[in-house]
Structures are given as C-alpha cells and as structure tokens.
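The primary structure of each chain is shown beneath.
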Amino acid sequence: MHVSVGRGLWVLIGLMAYQTCLAEFRGRRISEVLDELRAQGLTFIYSTQRIPAGLRVTTEPTATRGTPLAQEVLAPHGLILSEVAPRLYAIVADPSFQERKNSGSDQSAVGAEQVQEIIVQSSRYAVAAEVAPSQAALTQDEVKDTPRLADETLRVLQRLPGVATNGFSSMGSIRGGAPSESAIVLDGLRLYEPFHLKDFMTPVSLLDSRLIDGIEFYSGGFPAPYGERMSGIVDATSVRPGQPRYYELGLNLFHANALMSREFSDGRGHILLSARRGNAGDLAQFSENEFGRPHYSDGFGRIDYRFSERTDGSMEVLLSDDSIEALKSSGSQRAVAEYSNVYAWATLRHAWSDAASTRLIFSYTDLTNEREGTVDQPDTRFITLKDDRLFHIAGIKLDSDVGYGRIAHRFGAQVQRLWGQYNYDLDLAFESDYPFPGSPASTLSRQYSPRPKGYEMSAYWDGKLDVGKRVTLQAGLRLDTQDYGASAPALRNRHYLSPRFAALYRFDSGAQLRASWGRYFQSQGINELEVEDGIEEFYPAQHADHAIVSLDHDLNANINLRIEVYRKWYEDLHPRFENLFDQQVLFPESEFDRVRIDATEARADGAEVFLKFRASRAWSGWLGYTWSRIDDRVDGLNVPRSWDQRHAVNFGLRWSSGPWSGTLASIYHTGWPTTQLALTAGANPSLITGGRNRDRLGAYSTVDMRLTRAFTLRRGQLDVFAEVNNAMAKENPCCVRYTVSDVPSGSSAFTRTVDSWLPLVPSVGLLWRY
C-alpha cells in the first residue's frame with residue numbers, strides 16, 4: 001500500500017472572504033476580532049497557547065477599529081502589541097501585568113493569568129512552546145530562526161545538552177542511548193518509524209516544522225505516562241492557528257509546503273490540512289557518496305469539534321510516501337527502496353470538572369517497507385537483496401487526571417493489537433582475497449519469513465504532592481505486558497514493572513533543586529526484528545535505570561542557568577549490529593565490517609551545563625557544555641559506544657531588529673570512537689586490529705547561520721531567509737575506507753581514507769502567511 005501525498009499540493013490557495021466589523025465586541029472571541037482587523041491591513045502574530053479559541057472580549061472597547069481596538073481587547077488578559085515591522089504586530093505578555101494584578105490596580109485582570117504547572121522531573125526541555133522563559137530551552141522565535149538543515153524540526157533538539165549529532169541524521173543519540181531508544185509522540189500517539197528514507201540514515205522526520213506548535217523533550221527521567229523506551233521522549237503537538245482562516249505557502253531548497261486551516265459551525269469546528277513535498281535530490285547531492293535522487297512527501301489532516309463546553313474531539317491522519325534509487329561506486333551498487341506510513345487516530349476529551357478530565361484515543365498504524373538491491377563487482381563480491389516488511393498496529397489508549405488541592409493524579413491504560421510480515425532474502429558471495437589478502441571465499445543465503453502477531457498492554461499511575469511551599473514530591477508506577485503468542489515464545493506473558501520517583505525543592509533565592517530515579521523498560525517492537533542480521537526470535541525487554549540531579553536558577557531577570565548530572569545503568573541488553581568503519585553504505589548487513597555486539601550491561605555518566613541569556617531586547621542566546629561517557633561491558637572489558645563523545649559545546653546567538661532576525665549557532669564535540677586496522681608485513685599478510693573503538697576520529701565542529709527578513713504585504717506576510725550549514729566548510733570525519741594494493745616487494749599495503757560528513761550546505765527559502 002502506497003500513499004501519494006505530494007499530488008495536488010498547491011491547490012490550498014483561495015480568496016479570503018472578509019466580514020464587516022460589528023458594532024458590539026463584548027463576548028466575541030478575540031481571535032475573530034483580530035481576523036477582522038486584518039482586513040484593515042494589519043497582521044498579528046500569536047499562538048493558540050497565547051490566545052486560545054475560547055478567549056473572549058470581556059469589556060466593550062471604546063475604539064472600533066485599528067490597533068487601538070486590538071489593544072483594548074487584549075489588555076484585560078495581560079497582553080500587548082509589539083510592533084515587529086510596519087503594520088506587523090506580535091502579541092506578547094505585558095511585563096507589568098503581574099505587578100498591577102498583585103497591587104490590585106487592575107481589577108479587570110484578576111483571574112486572567114493561568115497558573116503554571118509545577119514541573120518536578122529533571123531533564124525536561126520545553127521547545128517552541130508558550131511557557132515562561134525559565135522553563136523554555138528555546139522559545140518559538142529562537143526555534144524559527146535557528147539554522148536547521150532541510151528545515152528539520154528534530155535538528156533543533158541537537159542544540160540541547162546530551163544529544164549527540166553527526167550533522168546528517170535527524171535523530172541523534174540521547175545521553176549515550178541508541179537512536180532507537182527514543183520515542184516520538186504527536187498529539188498523544190506514538191509514531192513508529194516516523195522518518196523519511198529510514199534505511200539511509202533518516203535525514204528527515206515526518207514532523208514538518210510548519211506543522212509543529214511545541215515540543216516537550218525529555219532527555220531522561222520521564223514520568224510514568226511514557227514507556228517502552230529507555231533514553232528519550234519527543235512529545236510534539238500540532239499547530240492550531242488562532243484565526244478563523246489561515247493559509248501558508250513555503251518553498252526552499254529542500255522542500256515545498258502548504259498549510260490551510262478553517263473554522264466551521266460557528267467556531268465549534270476547525271479543520272487543518274498540511275502537505276510537504278521533498279525537492280528530489282537536493283539533500284543527497286551534498287553527500288560525497290554517489291547516491292541517487294530520493295523523493296519524499298507527507299501530509300497531515302485534523303478535524304476538531306467542540307460538542308459542548310466540557311467535551312471535544314478530533315480526528316487526525318498523518319501520511320508519508322518515499323522512494324529512492326540509490327547508486328554507489330559508479331553504479332556497481334544499486335538499491336531501490338519504497339516506504340509508506342499511515343497513522344490515523346481519533347481523540348475524545350471530556351472535562352468532568354475543573355479538576356478532572358479524561359482523554360480517549362483510538363488509533364491505527366500501517367507501515368510498508370520495500371527494499372531491493374544488487375551489488376555486482378566482478379572478482380570481489382556478488383550480492384542480491386529483497387526485503388519486504390508490513391506492519392499493522394491497532395490500539396486504544398485512556399488517560400485521566402484528577403486534582404485534589406495539593407494532590408494531583410494521572411492514570412491510564414493502553415491496549416494494542418499488532419501484526420507483522422517479514423519477507424527477507426539475501427544471496428551473498430565473497431571471492432577469495434576480498435576484502436583483504438588472505439580472506440577466504442564465502443557464500444551466504446538467508447531466507448526468513450516470520451509472521452509475528454500478538455498484543456501489548458500497559459497501565460500507569462503518577463501522583464504529585466505539594467509538601468508545603470518548598471517541596472513537591474512525585475511518584476509513579478508503570479506496568480507493561482508483551483505477548484506475541486506462539487510466534488515469539490520468549491515473549492509469552494512477559495510483564496515489566498517500572499517504579500519512578502522525583503522531588504523538587506525551592507530555595508528562597510528562587511533556585512530549584514530536582515532529583516529523580518526511575519526504571520525504564522524497552523521491549524523489542526514488532527517492527528524491530530533484525531532478520532537482516534540472522535535474528536529470527538524476539539528478545540525479552542531490556543531496561544535502564546536513570547538517576548538525575550539538577551539545579552535550575554535564574555541568576556537575574558535575563559540569565560537562566562541549569563546544571564544536571566546523571567547516571568544510566570543498562571541491563572539485559574539485546575545484541576546489536578554495527579559497521580565498524582563505514583556507515584554510508586547501501587546494504588549495511590552485507591559489508592565485511594558488520595559485527596555483532598553482545599554487551600551484558602552498559603553505563604552512561606554525564607554532567608551538563610546550559611545557560612540562557614538575553615543581553616537586550618535585540619540580543620539573546622544560549623551556551624551549553626556536556627561531559628559524558630557511555631561504555632558497553634563486553635567480555636569483561638569496557639568498550640566505548642560508537643557515538644561516545646567526551647566533550648560537547650553548543651552555542652547560539654540570536655539578533656532581531658524590526659523585520660530582521662538572524663542566528664549564529666555552533667556545535668563542537670570530540671571525535672567518535674573508531675577501529676584501526678593493520679596488515680602484517682610479508683608475502684602472506686594477515687589482518688590485525690587494535691580492538692574495537694579503541695581509537696578516535698577527529699573532532700566534529702560546525703558553524704551555522706540563518707538570516708530572515710519579514711515583509712508586510714497587502715495580504716499577509718512574506719518571510720525570506722538565507723541559511724548556511726557548516727559555513728566554515730569543515731571536513732568532519734564520519735567513516736573510514738580501506739583499499740589494498742600490491743607493492744613491488746611482493747607484499748600488500750593498504751590505504752586508509754577518512755570520508756567526511758556534509759560540506760558547506762547553503763539554502764534559501766520563503767514563506768507566505770495569511
């Protein structure tokens with residue numbers, strides 16, 4: 001089953017009908033009043049967190065048009081206009097609002113400010129969300145202006161402490177964990193394999209940057225509602241424009257996108273449609289390998305409807321479609337791959353009272369992966385490959401929360417039914433003396449067709465208690481069950497219990513000290529059976545224990561400092577497979593450097609410092625430093641994982657003035673581990689190694705820049721940007737290739753070549769919003 005999303009992308013443009021401003025405004029929705037003012041040539045920038053759909057005009061204004069009217073309807077809610085450009089205004093919080101409220105000088109504002117949630121967990125970062133500056137790692141404006149290759153949403157997270165990056169893949173290692181140890185959630189649904197070109201280092205995710213409104217990112221210590229992963233959680237919410245009608249069109253070097261939203265049924269309903277199409281080959285052409293031209297597209301649709309003041313629901317669908325014909329070694333290696341993902345879910349929410357609510361989600365996921373290929377290199381190797389996989393996942397999920405004074409509870413359960421089909425064939429033949437002199441000839445034929453099916457269930461409870469004004473305690477318990485029946489005997493009636501604890505202490509200075517401990521199980525998903533490496537059976541769950549201590553302190557009104565130390569213990573680890581030297585290959589399982597890693601346990605340690613600052617209204621930025629290490633325990637020895645980086649530095653400086661904004665950002669980390677090879681001298685050389693991952697590649701560093709200019713048009717706003725990634729054209733080492741040649745003495749010698757990640761990559765683009 002393949003889904004075509006990119007067709008008809010550009011039909012989302014239409015004429016906008018304007019309503020005549022009404023004489024009376026009290027009781028009307030503020031978003032509706034602002035939309036009418038757009039007809040007068042004014043443009044407003046805001047989010048649905050800032051101005052939710054239910055926010056209404058509380059007092060009749062004296063003004064009837066223009067910015068005076070907007071200012072009057074916003075003021076009672078603690079909001080003001082900030083002029084960004086002529087006739088372009090951002091709606092922001094009024095800095096003096098809280099002072100007036102506390103002094104009682106503004107009685108109309110009482111009750112307008114929302115109480116902020118107390119966050120007990122360590123290692124939580126709110127990204128691109130409307131939260132207090134001290135809680136946000138990067139604000140919406142900072143995210144919008146942050147350089148990110150291919151406009152990729154997840155690449156913003158690589159600017160945060162604890163995330164290892166190579167500059168190409170969209171998902172990095174989080175605190176030493178493999179990328180597969182993290183989960184991505186969108187509007188309450190976990191997305192399986194949410195990446196484009198997933199067998200080619202996943203350069204782009206399905207999270208279109210124009211679709212995402214905010215992200216909660218946990219680099220560890222996440223609470224009991226989250227499970228099934230050992231390292232990180234990316235919890236994203238889709239955008240809900242505050243206007244009754246909203247349109248976007250975007251075009252840049254890497255893709256084109258469109259978005260539209262409309263209200264219906266007098267504001268009770270809302271529809272959002274989004275589509276994105278990759279500009280074929282624009283990303284792969286920068287690779288030093290001879291890859292072909294990939295094609296990808298995705299689309300998203302959502303319908304919201306408010307049945308009553310306490311009940312609302314939504315139906316959502318996310319589709320993706322990929323195809324790629326990849327070539328390497330002047331065409332002697334060829335791979336053809338096609339992928340399609342379908343995620344559909346319906347959500348029903350009901351508020352039983354002001355302190356109790358329930359969310360029910362019905363979901364269905366369909367994944368189709370097809371891969372074909374050949375490697376025809378005479379006198380060296382002959383390889384064919386056919387790999388087809390199909391997965392279906394149907395689920396029901398219930399989440400509830402109840403608050404009683406100083407006590408808050410969250411609890412829920414989930415049931416999933418899963419089906420999978422694997423059809424894997426491989427013919428492999430190595431001639432003698434390949435890849436090195438003295439290597440014996442070998443043949444291998446794999447044919448696996450497992451049909452796993454079964455169910456997964458989970459239940460959790462999470463409680464939070466305020467103990468006086470200084471202390472808040474949180475505890476949680478999660479139970480996961482996995483049973484794939486006769487198709488996976490090792491998973492018969494497997495149950496995993498995960499306790500979690502966290503505490504928060506507030507100092508008189510305003511500093512906050514957090515500590516947490518928890519156990520995190522990760523089962524092998526139905527789509528994660530490694531048949532390509534000869535694995536036919538599923539393994540029981542592996543797990544990691546997290547211990548984290550953090551200190552968060554506002555040094556002054558413009559500087560926030562966060563310090564965290566952590567330790568992760570891994571046990572019951574599954575075997576994993578890696579390529580020792582070269583990651584940029586078409587068929588990793590067919591390469592001579594493919595190795596199996598049987599670690600009995602592992603340990604990750606780290607210390608992170610993250611500083612946010614605002615030097616003035618125009619200048620702001622961040623500075624982060626991480627010391628870390630991650631070692632597997634293999635045959636009684638500690639062996640660094642292939643993405644271990646001892647030191648990492650992240651820096652960003654943002655400037656904005658009127659319609660202009662720009663960001664300069666940099667990432668540095670010490671080199672990742674690698675393995676050295678050597679040949680003994682003589683007519684019959686033999687291969688020797690210095691031990692896996694006992695050497696280091698050179699350090700990685702990149703300087704990235706982005707500059708944006710906003711233009712106010714008669715209808716809408718046009719943003720034009722220019723971006724450069726790796727502006728210094730640094731050759732960051734990624735992979736090692738060995739070639740063998742004969743020398744006159746009759747012996748053999750080899751040449752070691754280090755390939756690089758992406759060179760300087762420029763991009764330009766524009767975005768029209770109306």
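Visitor: Is there a simple way to explain the overall build of the protein in this structure?
Guide: From N to C terminus, the protein includes 4 helices and 45 strands. Taking all 770 residues of the protein together, 54% fall into the buried category. Nonlocal contacts in the protein, meaning residues at least 24 apart in sequence, comprise 65% of its contacts between residues at least 6 apart. Accessible area for the protein stands at about 32300 Å²; split by element, carbon and sulfur atoms hold 57% of it.

Visitor: I would appreciate a short explanation of helix α1 (residues 30–37) in the present structure.
Guide: In an α-helix there are 3.6 residues to a turn, and that puts residues three or four apart on one side. For α1, the buried fraction is high: 7 of the 8 residues fall into the buried class. In the core, the buried residues of α1 are packed alongside β1 (43–45), α2 (66–74), β3 (88–93) and β14 (245–252).

Visitor: Looking at this model, I keep getting lost on the confidence of the model for the protein. Mind explaining?
Guide: Per-residue pLDDT for the protein averages 85, and the proportion of residues at 70 or more is 85%. The least confident element of the protein, judged by mean pLDDT, is helix α3 (residues 97–103) at 53; the most confident is strand β9 (residues 189–191) at 97. Contacts of residues 102–116 to residues separated by more than four positions or lying in other chains number 15 contacts, the stretch itself having pLDDT below 50. Segment residues 130–136 is flagged for pLDDT under 50; beyond a separation of four residues in sequence, or across chains, it makes 16 contacts in the model.

Visitor: For this particular structure, what's the right way to read the nonpolar core?
Guide: In a soluble, globular protein the nonpolar side chains are often hidden away together inside. Ranked by size, the top nonpolar core spans 65 residues in total, and within it Phe200 and Phe217 carry the most contacts. Setting aside its immediate chain neighbours within four residues, Phe200 contacts Phe168, Ile324, Ala326, Ala335, Ala337, Tyr339 and Leu586. Grouped together as the second largest cluster of nonpolar side chains are 20 residues, Leu42, Val57, Ala63 and Leu69 included.

Visitor: What is the right way to look at the environment of Leu160 in this model?
Guide: Along the polypeptide, Leu160 turns up in the loop between α4 (140–145) and β6 (163–164). The class of Leu160 is buried, set by a relative accessible area of 1%. Distance in space between the C-alpha atoms of Leu160 and Glu608 is 9.6 Å, their sequence separation being 448 residues.

Visitor: So what exactly am I meant to see when it comes to the packing of aromatic side chains here?
Guide: Note on aromatic pairs: each is described by the distance of the centres and the angle between the planes. Here the structure, examined in full by the defined rule, presents 13 aromatic pairs. Judged by centre distance (5.5 Å) and plane angle (50 degrees), the rings of Tyr218 and Tyr226 are tilted. Look at Tyr226 and you get buried, because its relative accessible area is 14%. On the numbers, 5.2 Å between centres and 85 degrees between planes, the contact of Tyr484 with Phe538 is edge-to-face. Separated by 54 residues along the polypeptide, Tyr484 in the loop between β25 (471–483) and β26 (494–506) and Phe538 in the loop between β27 (512–522) and β28 (542–556) bring together distant segments of the chain. For Phe538, a relative accessible area of 3% puts it in the buried group. Taken together, Phe264, Tyr305 and Phe307 form an aromatic cluster joined through their ring pairs. One residue, Arg190, lies across the ring of Tyr192, its end atom 4.3 Å from the ring centre. In this structure, Arg709 is placed above the aromatic ring of Phe711, and the distance from its NZ or CZ to the ring centre is 4.4 Å.

Visitor: Is there a simple way to explain the side chain of His553 in this structure?
Guide: Inspection of the secondary structure puts His553 in strand β28. On the accessibility criterion, His553 (19% relative accessible area) is buried. Excluding residues that lie within four positions of it along the chain, His553 makes contacts with Ser509, Gly510, Ala511, Ile559, Asn560 and Leu561.

Visitor: When you look at the pairing of strand β42 (residues 717–725) in this model, what are you seeing that I'm missing?
Guide: In the case of a regular strand, side chains alternate between the two sheet surfaces. Burial along β42 is one-sided: the face carrying Gln717, Asp719, Phe721, Glu723 and Asn725 is buried and the face carrying Leu718, Val720, Ala722 and Val724 is not. Bridge count for strand β41 (residues 700–712) against β42 is 8 bridges, and the pairing is antiparallel. By the bridge assignment for β42, Met705 is matched with Val724. The hairpin turn running from β41 into β42, its antiparallel successor, is 4 residues long, and Gly716 in that turn takes a positive phi close to 95 degrees. In the sheet, β42 pairs with strand β45 (residues 761–769) via 9 bridges, with the strands oriented antiparallel. Bridging from a neighbouring strand, Glu723 pairs with Ser763 of β45.

Visitor: Help me out: how do you make sense of the side chain of Gln158 in this one?
Guide: With respect to the helices and strands, Gln158 occurs in the loop between α4 and β6. Gln158 gets classed as buried once you look at its relative accessible area, which sits at 4%. At 2.7 Å, the side chain of Gln158 forms a polar contact with the side chain of Thr165. Sequence-distant contacts of Gln158, that is, excluding residues within four places in its chain, are made with Val163, Thr165, Ser169, Ser170, Met171, Gly172, Asn650 and Ile667.

What counts and how
- Residues numbered from 1 in each chain as written.
- Predicted model: local features only at pLDDT ≥ 70, side-chain atom pairs only at ≥ 80, totals over all residues.
- Heavy atoms only, no water.
- Helix = DSSP H or I, 4+ residues; strand = E, 2+ residues; numbered from the N terminus.
- Buried < 20%, exposed > 50% of the residue type's maximum accessible area, 1.4 Å probe, protein only.
- Contact = heavy atoms within 4.5 Å.
- Areas by Shrake-Rupley, 256 points an atom, 1.4 Å probe, with all protein chains shown as cover.
- pLDDT = per-residue confidence, 0-100.
- Core = buried A, V, L, I, M, F, W, Y, C linked by side-chain atoms within 4.5 Å.
- Phe/Tyr/Trp six-rings, centres within 6.5 Å; stacked < 30°, edge-to-face > 60°.
- Lys NZ or Arg CZ within 6 Å of the ring centre and 35° of its normal.
- Pairing = 2+ DSSP bridges.
- Polar contact = N/O pair within 3.5 Å; in protein donor to acceptor, adjacent residues only side chain to side chain.

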